[in-house]
Amino acid sequence: MSHCKYCAFATHQPHLHEPGEVLALLDGAAKRRVKELLVLTGDEPDHHPGVRARLAALGFADFVAYVVWCCERALERGLLPHTNLGALAHEDLARLREVTASQGLMLESMRDDLVAHQASPTKAPARRLQTIRDAGALRIPFTSGVLVGIGESEEDRMAALEALAAVHAEFGHLQEVILQNFVPHRRYYGEEPADIATEAADTYWRTGLGEHPDLPRPAWSTPVSIDDMRRLVGEARRLLPGVGVQVPPNLADWWPELVASGATDLGGLSANGDHISPEHPFPSPTQVRKRLAQDGVALTERLCVYSRFIDPEWVSQGVLDMIKARFWSFIPRKGSGRREERVIRGDLVADAVHRARDGARLTEDELTALFAEDRPEAIEDMRQAADELRAELAGDTVTFVVNRNINVSNVCVVGCAFCGFGQGKRSPDAYEHDEPEFVRRVREAVDFGASEICMQSGIHPDWGLEDYEHWLRVAKATAPDLHLHAYSAMEVDHMCRTSGLPPLEVFERLRAAGLGSVPGTAAEVLDDGVRQRISPNKLPVGRWVEIIGAAHEAGLRSTVTVMFGHVEEPWELAEHMRVVRALQERTGGFTEFVPLSFIPFHTLLGRTHGIEEISREENLKHTAVFRLALGRTVRSLQASWVKMGLDAATEALRWGVNDLGGTLMEENISRLAGSYHGVRLEPEDLVEAAHRAGRPAAERTTLYGIRRRYPVPAATA
Ligand code: SF4
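Because the structure is a prediction, the values reported are computed rather than measured.

Draft legend 1. Here's a closer look at the overall build of the protein. When its secondary structure is counted, the protein shows 28 helices and 17 strands. A principal-axis box enclosing the C-alpha atoms of the protein has dimensions of 90 × 55 × 45 Å. Looking at the protein alone, contacts between residues at least 24 apart form 76% of all its contacts between residues at least 6 apart. Accessible surface for the protein amounts to roughly 29500 Å². Of this, 51% is attributable to carbon and sulfur atoms.

See the structure below:
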C-alpha cells in the first residue's frame, strides 16, 4: 500500500506464504523451542489484487483472517503470536486479540510531511495514532515506537514520544517503545530478504563476525549520533515511566551505551535474522550476555507479552491458557497489592515480636508485616527476640551432623523452574548410579565418620516403590549403623502413585527396608499460588501435608524446609508458616526447621524473572522471622551454609539459629543451581564457626542425640 523510502522490505509484488509453508515454518520453529511467532507485514497487503485473489482461493475473507489462522496454528504448536500488520481498523485488532499475546505498530513520527513518507497513506500520524488508541481501548498489550533519522528533527522525535505518552496515560497498554535508528539499505529486488537475513545471522552467531554494509545516507535522512540516542532514551524513560525502552542491537554498535543510559530491552534476538534489515543480523544471546556482563548488567528473557500484562484483563483466555501451560515461569507474582494493603506497620510489628517471644501464634497479618519489615530498629528487635527464643528452647550449644548426601539419580520428570538439578532421561547430563557406585559412596561416608546418609533423587519415571526400598536395603546391608534420612514427599507421592498404596503403607514398607527419618523438602512455599508459579507439576500443599503427616503417624520424624527469596510474597511465607505450625501442633513430628534461600544462577526461574540472590541482610531477617513464627513448637532452627555461605550461617547463630546442618560431603542440588559455597565441609569447620560465635559446639545424630561435644576453647571463651 505504501512506498516508504527507507524500506527495502516491501516488494509490491503479490507474495503470500502458502499455508503449507506456514505450517513447515511453524513446525521447524516449534522443534527449536522458539517461543514467539512475530507476524510482520507491510500495510494492507490485500489491497493487491493478486494477494486478494490468492486469499479468496484459499477460502479466507481477507488478510487478517489468514493471519488469525496462522496464529491459531502457532498457538497449537506452543508459539505465542505477536502481530504487527500496520495501521488496522478496530475490528481487525479485535479479531487478532483473540489469537495473539500482544500486538504492535510503530508510530514512527508525528510529522505528516516527511519526504520519506511521500506516497505512503498509511503513515499518516493521525491514522496510526488511531490504531494505537483502538488497541488501548481493546486492552491489547502493545508495542510502539519512533523511527530516528528519517528526516525529522529532535523536536519531532519528542513530539512523537509525547503523543505516545498521552495515549498511554489514557489506556496504560504500552509495554514498550522502540527507538529505531534508520540504516540505509541496498535494494533487494528479485532476492529473498529472509534468505539473506538467515545466512547473515548464521555466520554472525557461529563466528561472531558480522558484515554491516556502510552505505551512503540518502538526502532525505538526518544523521543520528549516539548523544541524540542517549537523550531520546532518557526522554522516553521520563515521559513513559514503567514502559520498556527498546533499542535494536543489530542496527548500531552503540546499544551497550544505550543500555547504560537507561534502555531496558533489546527486542527479539532472532536466530534467523532481521527480515527488514537483512544484512544486520542480531547478536546471539550469548554474545549479548557476555557484552552486558562487562558492565555488570544481566540479560533476562521475556515473552512477547510483558509479564505484567499476563492477566485475563489483557490477554484472551485461549492465549492465557497456553501461557499457563507452557510459560508459567514468566507469570508474575500475584496478590501482593491485595495483601500489602492490610500490612499495618508500627505497633503491629512491635506487639507481634513481643507476643512471638512468648511463643504465641501470630496472625497472618502480623507474620506478613514481619516478613516485609525494613526498619533497622524493628529488625534488631526481631533478631533479639529470635535469639532469646533460641536460647530458651535449644540453649547455647551449636549442633551439626556428620552426614553424606547421595543423589542416586538426577533423572526427573517434574521440571520445577527453580531447579538446576533435575534432568530429562535423555539429557547428556542425566546420570544414575549403579549399585557398586552407590555402595562405594556409602562406604566412603562410613570412613568419613558419618552417622547419616541423606538420600534424595529426581522423580525417575522408571522407578517404583521396590527401587526405593532396594536402595535403603543396600545402604543398610553396607553400613547397618548409618541412619537413613531419605525421600522427599514428592518421591513418596511418586511411590504411592506407582504402587497404588496410601502414604502410610508406603512409609511402613520404607521403614521396614531401613528408613530412619524423612527430609521435609519439596515444601518450597506451602501456598498453592506460589507452587503454581514455580513448580506446577509438584504435589499441592494438601498432599504434602498428608504425606508428611503420614510419615509422623508411621513413627518417622521429619525435618521441614522453606525455599524463599524468589517470587513469593511476604503473605505467602506467612501462609507457609501457618501450615507448618498447624501440622507440628497436630503431630509434633518435626525435628527442625530448615530455611533454604533460593539460588537463582543456573535456574529457569532465575533467568526468566531476573531474580538476584537474596541479600545477606534479608536472609538473616527472614531467619529470625521463621524462629518467631514457630514459637515454641519446633525446637531447632538450622542455617544452611550451602545456601548462604558459612560466614552468613555463623552470623545467623545470633538470629535464632542453633544448628548448622550437615557436612554433606557431596552437595549437588545447590551446586547445580549455581551456589558457590562449596560441596563439603569438615566437622572442624563447623566447630570453628560455632566457636567464632562464642558458642560451644556438638556433633549430633539426625534425631538430636549428642555424639561429641566441643566446648569453647579457654582462650576464646
Ligand atoms: S526440584 Fe526435585 S522434583 Fe523438581 S525438578 Fe528438581 S529434582 Fe525434579
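Next, the rest of the story.
Draft legend 2. Spatial organisation of the pattern of salt bridges. Inspection of the entire model under this criterion finds 51 salt bridges. Residue Asp228 is joined to Arg231 by a salt bridge in which the shortest nitrogen-to-oxygen separation is 2.8 Å. One end of the pair, Asp228, and the other, Arg231, are both in helix 8 (residues 226-239), three residues apart, so they sit about a helical turn from each other. Classification of Arg231 as partly exposed rests on a relative accessible area of 40%. Here Asp493 ties to Arg543 by a salt bridge, and the two come within 2.7 Å at their closest N and O atoms. One end of the pair, Asp493, is in helix 18 (residues 489-499); the other, Arg543, is in helix 21 (residues 541-553), with 50 residues separating them in the sequence. Accessibility classification places Asp493 together with Arg543 in one group, the buried group.

Draft legend 3. Focus on the site of the ligand. Around the ligand, the surrounding shell consists of Cys412, Val414, Gly415, Cys416, Phe418, Cys419, Phe421, Gly458 and Lys538. Among the residues forming the shell around the ligand, the class breakdown is six nonpolar, two polar and one charged.

Draft legend 4. The arrangement of the sheet that holds strand 4 (residues 142-148) in detail. In space, the six strands of this open sheet follow the order 1-2-3-4-5-6, with parallel pairing throughout. A single partner strand is all that each edge strand has here, and the edge strands are strand 1 (36-40) and strand 6 (244-246). On average, each strand axis in the sheet is inclined to that of its neighbour by 20 degrees, with strand direction left out of account. Each of strand 4 and strand 5 (174-181) is contacted by helix 6 (residues 154-171), which is oriented at about 170 degrees to strand 4, the strand it contacts most.

Draft legend 5. Seen up close, the packing of aromatic side chains. Under the definition given, this model contains 13 aromatic pairs. Taking 4.9 Å as the distance between ring centres and 55 degrees as the angle between the ring planes, the aromatic pair formed by Phe60 and Tyr66 counts as tilted. Assigned by exposure class, Phe60 and Tyr66 land together as buried. Centroid distance Phe593 to Phe626: 5.3 Å. Interplanar angle 40 degrees. Geometry classified as tilted. One end of the pair, Phe593, is in strand 13 (residues 590-597); the other, Phe626, is in helix 24 (residues 616-630), and 33 residues separate them in sequence. By way of ring pairs, the aromatic residues Phe438, Trp463, Tyr468, Trp471 and Tyr487 are connected into one cluster. Above the ring of Tyr704, the side-chain terminus of Arg700 is found at 4.1 Å from the ring centroid.

Draft legend 6. Structural view of the side chain of Glu152. Inspection of the secondary structure assignment puts Glu152 in the loop between strand 4 and helix 6. What makes Glu152 buried here is its relative accessible area of 3%. For Glu152, the side chain forms a polar contact with the main-chain nitrogen of Ile150, separated by 2.8 Å. At 2.7 Å, the side chain of Glu152 and the side chain of Arg157 are in polar contact. With residues up to four places along the chain from it excluded, the contact list for Glu152 reads Arg111, Leu114, Leu147, Arg157 and Thr222.

Draft legend 7. Expanded view of unusual backbone geometry. Here the phi dihedral of Arg33 falls at roughly 60 degrees; this positive angle occurs in a residue that is not glycine. Mapped onto the fold, Arg33 is located in the loop between helix 1 (19-31) and strand 1. Exposure remark for Arg33: the relative accessible area of 70% places this residue in the exposed category.

Draft legend 8. Expanded view of the nonpolar core. By size, the foremost hydrophobic cluster in this structure holds 205 residues, and its most contacted members are Phe507 and Trp544. The dominant element in this core, judged by the number of residues it contributes, is helix 3 (residues 63-76), at eleven residues. Look past the residues within four positions of Phe507 in its chain and what remains in contact with it is Val492, Leu515, Val518, Ile547, Ala550, Ala551, Ala554 and Leu556. Ranked by size, the runner-up nonpolar core spans eight residues in total, among them Leu114, Ala116, Leu147 and Ile178.

Draft legend 9. Representation of the pairing of strand 17 (residues 706-710). Sheet topology note: the strand 16 (residues 697-700)/strand 17 ladder contains four bridges and is antiparallel. Looking at strand 17, one finds that Ala698 is bridged to Arg709. Counting the residues that bridge the hairpin from strand 16 to strand 17 gives five residues, and of these Tyr704 lies at a positive phi of roughly 75 degrees.

Draft legend 10. Spatial organisation of the pairing of strand 7 (residues 398-401). Every second residue of strand 7 is oriented toward a common face, with Val398 and Phe400 on one face and Thr399 and Val401 on the other, all of them buried. Here strand 7 runs beside strand 16; their pairing, made up of four bridges, is parallel. Counted as the bridge partner of Val398 is Ala697 from strand 16. Pairing of strand 7 with strand 15 (residues 659-662) involves two bridges; the strand directions are parallel. Within the sheet, the bridge partner assigned to Val401 lies in strand 15 and is Gly662.

Draft legend 11. Region of interest: the state of the cysteines. Under the counting rule described, the total for this entry stands at zero disulfides. No disulfide involves Cys304; its sulfur sits 9.9 Å from that of Cys71, the nearest cysteine.

Draft legend 12. Region of interest: the packing of helix 14 (residues 364-372) against helix 24. Contact geometry of helix 14 with helix 24 gives a least axis separation of 9 Å together with a crossing angle of 160 degrees. By the angle class used here, helix 14 and helix 24 are roughly antiparallel. Classified by chirality, the crossing of helix 24 by helix 14 is right-handed. Contacts between helix 14 and helix 24 involve Leu367, Leu370, Phe371 and Ala372 from the former and Lys621, His622, Val625, Phe626, Leu628 and Ala629 from the latter. Across the contact of helix 14 with helix 24, the residue classes break down as eight nonpolar, one polar and one charged.

Conventions used here
- Residues numbered from 1 in each chain as written.
- Predicted model: local features only at pLDDT ≥ 70, side-chain atom pairs only at ≥ 80, totals over all residues.
- Heavy atoms only, no water.
- Helix = DSSP H or I, 4+ residues; strand = E, 2+ residues; numbered from the N terminus.
- Contact = heavy atoms within 4.5 Å.
- Areas by Shrake-Rupley, 256 points an atom, 1.4 Å probe, with all protein chains shown as cover.
- Salt bridge = Lys/Arg side-chain N within 4 Å of Asp/Glu carboxyl O.
- Buried < 20%, exposed > 50% of the residue type's maximum accessible area, 1.4 Å probe, protein only.
- Near = heavy atom within 4 Å.
- Nonpolar A, V, L, I, M, F, W, Y, C, P; charged D, E, K, R; others polar.
- Pairing = 2+ DSSP bridges.
- Axes fitted to C-alpha atoms, helices over the stretch in contact; angles between N-to-C directions.
- Phe/Tyr/Trp six-rings, centres within 6.5 Å; stacked < 30°, edge-to-face > 60°.
- Lys NZ or Arg CZ within 6 Å of the ring centre and 35° of its normal.
- Polar contact = N/O pair within 3.5 Å; in protein donor to acceptor, adjacent residues only side chain to side chain.
- Core = buried A, V, L, I, M, F, W, Y, C linked by side-chain atoms within 4.5 Å.
- Disulfide = S-S within 2.5 Å.
- Parallel < 35°, antiparallel > 145°, perpendicular 65-115°, else oblique.
- Left-handed = near helix turned anticlockwise from the far one by under 90°.

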